[in-house]
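Below are the chains, spelled out letter by letter.
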Amino acid sequence: MRKIALSLAALLCLSQVGCIKKMLIAGQASSTRTASSALDDTADLTVARTAAMNGLATAEGMHKLSPNNEDVLFNLTKGWTAYGFAFVQDDMDKFEEGSEEYELNKKLARQAFDRAVKYGVELMGHTDDGFDKNRKNEATLKKWLKENFDDKEDAETLYWVGAAWFSRVSIARDEPAMVGDLWVAVALMQQSYELNPEYNHYAALSALASFHARSTTAELDEAKKLFELALQK
């Protein structure tokens, strides 16, 4: 009986340690999410890049320890999107298209956006896991988004998943299947804008304006109207 009691006590201790670990990660992840915009307006790109890389490494470690933490998933979605767009894609554009350096950075940017989309869809699944099922067409996806993401706070999640999707399509514009799914990014960004137009300095509005100004099948009147509204705001 004494051995059984000791075993149960050990299990209880391990359980408590696990709970404490999750609580610590939850607190750190929440604080990191709140503070994640602290360097958004810095002009020192070296500092910003180093901070982004360190933040991603930390968030990946947290995800390993606490895979269901929503703040961690958000930090990874936003972090990989921002890092891929602001730094890796910028590196890519410094080289001639088709060169070895260009293709290497293109591959790294695609990996960053793939990772951001993966974590973003996983995060959305904590609200409702019907994303893939409702991605049959534009109407079903819009209906699902409106039914399940209807709080102002949901705007930031939808924005960063949409931004990751937009960026991935831009990188993979030579892949017809990927370009054919551009409407998914538009639906995510549209719902984000409807929930909180002001989020991230009206960034969703600017993204939608850019969509309407795309080179093929451009809707320039609509793009002009949205860009003017974004500038006004």
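Values in this document were obtained by computation on a predicted structure and should not be read as measured data.

Section: the overall build of the protein
The number of helices and strands found in the protein is 10 helices and zero strands. Element order for the protein, N to C, with α for helix and β for strand: α-α-α-α-α-α-α-α-α-α. Taken across its 233 residues, the protein has 40% of its residues classed as buried. In the protein, once contacts between residues fewer than 6 apart in sequence are set aside, the share between residues at least 24 apart is 65%. On the protein, roughly 13,700 Å² of surface is accessible, and the fraction owed to carbon and sulfur atoms is 56%.

Structural notes on helix 3 (residues 70–93)
The periodicity of an α-helix, 3.6 residues per turn, causes residues three or four positions apart to be oriented the same way. The terminal C-alpha atoms of helix 3, which comprises 24 residues, lie 33 Å apart, in line with the 34 Å expected from a rise of 1.5 Å per residue. Along helix 3, the largest kink reaches about 40° and is centred on G84. In terms of residue burial, helix 3 counts as a mostly covered element, since 17 of its 24 residues are buried. The N-cap residue of helix 3 is N69: its side-chain oxygen and the backbone nitrogen of D71 are 3.0 Å apart.

As for the confidence of the model for the protein
Counting all residues, the mean pLDDT for the protein is 84, and 73% of those residues have values of 70 or more. With pLDDT under 50 throughout, residues 8–15 is counted as low confidence; its partners more than four residues away or in other chains account for zero contacts.

A closer look at the pattern of salt bridges
For the structure on display, the rule yields 11 salt bridges. Residue D91 is joined to K94 by a salt bridge in which the shortest nitrogen-to-oxygen separation is 3.6 Å. Ionic contacts of the salt-bridge type, sharing partners, join the residues R110, D114, R168 and E175 into one network.

Some thoughts on the environment of R110
As for its placement among the helices and strands, R110 is situated in helix 4 (residues 100–124). Through-space distance from the C-alpha of R110 to that of S170 is 9.4 Å; in sequence the pair is 60 residues apart. Look past the residues within four positions of R110 in its chain and what remains in contact with it is R168, I171, A172, E175 and M178.

Let's talk about the nonpolar core
Judged by nonpolar contacts, the single largest core of 58 residues is most densely connected at W80, M124, L141, L145, Y159, F166 and M189. At the level of secondary structure, the elements contributing two or more residues to this core comprise helix 2 (45–65), helix 3, helix 4, helix 5 (138–148), helix 6 (154–171), helix 8 (182–195) and helix 9 (199–212). In terms of residue count, the dominant contributor to this core is helix 6 (11 residues).

Notes on the packing of aromatic side chains
Applying the stated criterion to the full structure yields seven aromatic pairs. Ring centres of F131 and W165 lie 6.0 Å apart, and the angle between their planes is 65°; on these two criteria the pair is classed as edge-to-face. Pair noted here: F131 is in the loop between helix 4 and helix 5 and W165 is in helix 6, with a separation of 34 residues, a long-range link. With a centroid separation of 5.0 Å and an interplanar angle of 85°, the aromatic rings of Y159 and W160 are classed as edge-to-face. Assigned by exposure class, Y159 and W160 land together as buried. In this structure an aromatic cluster arises from ring pairing among F131, W144, F149 and W165. Across from the ring centre of W165, 4.8 Å away, lies the NZ or CZ of R168, which sits over that ring.

Conventions used here
- Residues numbered from 1 in each chain as written.
- Predicted model: local features only at pLDDT ≥ 70, side-chain atom pairs only at ≥ 80, totals over all residues.
- Heavy atoms only, no water.
- Helix = DSSP H or I, 4+ residues; strand = E, 2+ residues; numbered from the N terminus.
- Buried < 20%, exposed > 50% of the residue type's maximum accessible area, 1.4 Å probe, protein only.
- Contact = heavy atoms within 4.5 Å.
- Areas by Shrake-Rupley, 256 points an atom, 1.4 Å probe, with all protein chains shown as cover.
- Expected span 1.5 Å × (residues − 1).
- Bend = angle between axes of the 7 residues up to and from the residue.
- Polar contact = N/O pair within 3.5 Å; in protein donor to acceptor, adjacent residues only side chain to side chain.
- pLDDT = per-residue confidence, 0-100.
- Salt bridge = Lys/Arg side-chain N within 4 Å of Asp/Glu carboxyl O.
- Core = buried A, V, L, I, M, F, W, Y, C linked by side-chain atoms within 4.5 Å.
- Phe/Tyr/Trp six-rings, centres within 6.5 Å; stacked < 30°, edge-to-face > 60°.
- Lys NZ or Arg CZ within 6 Å of the ring centre and 35° of its normal.

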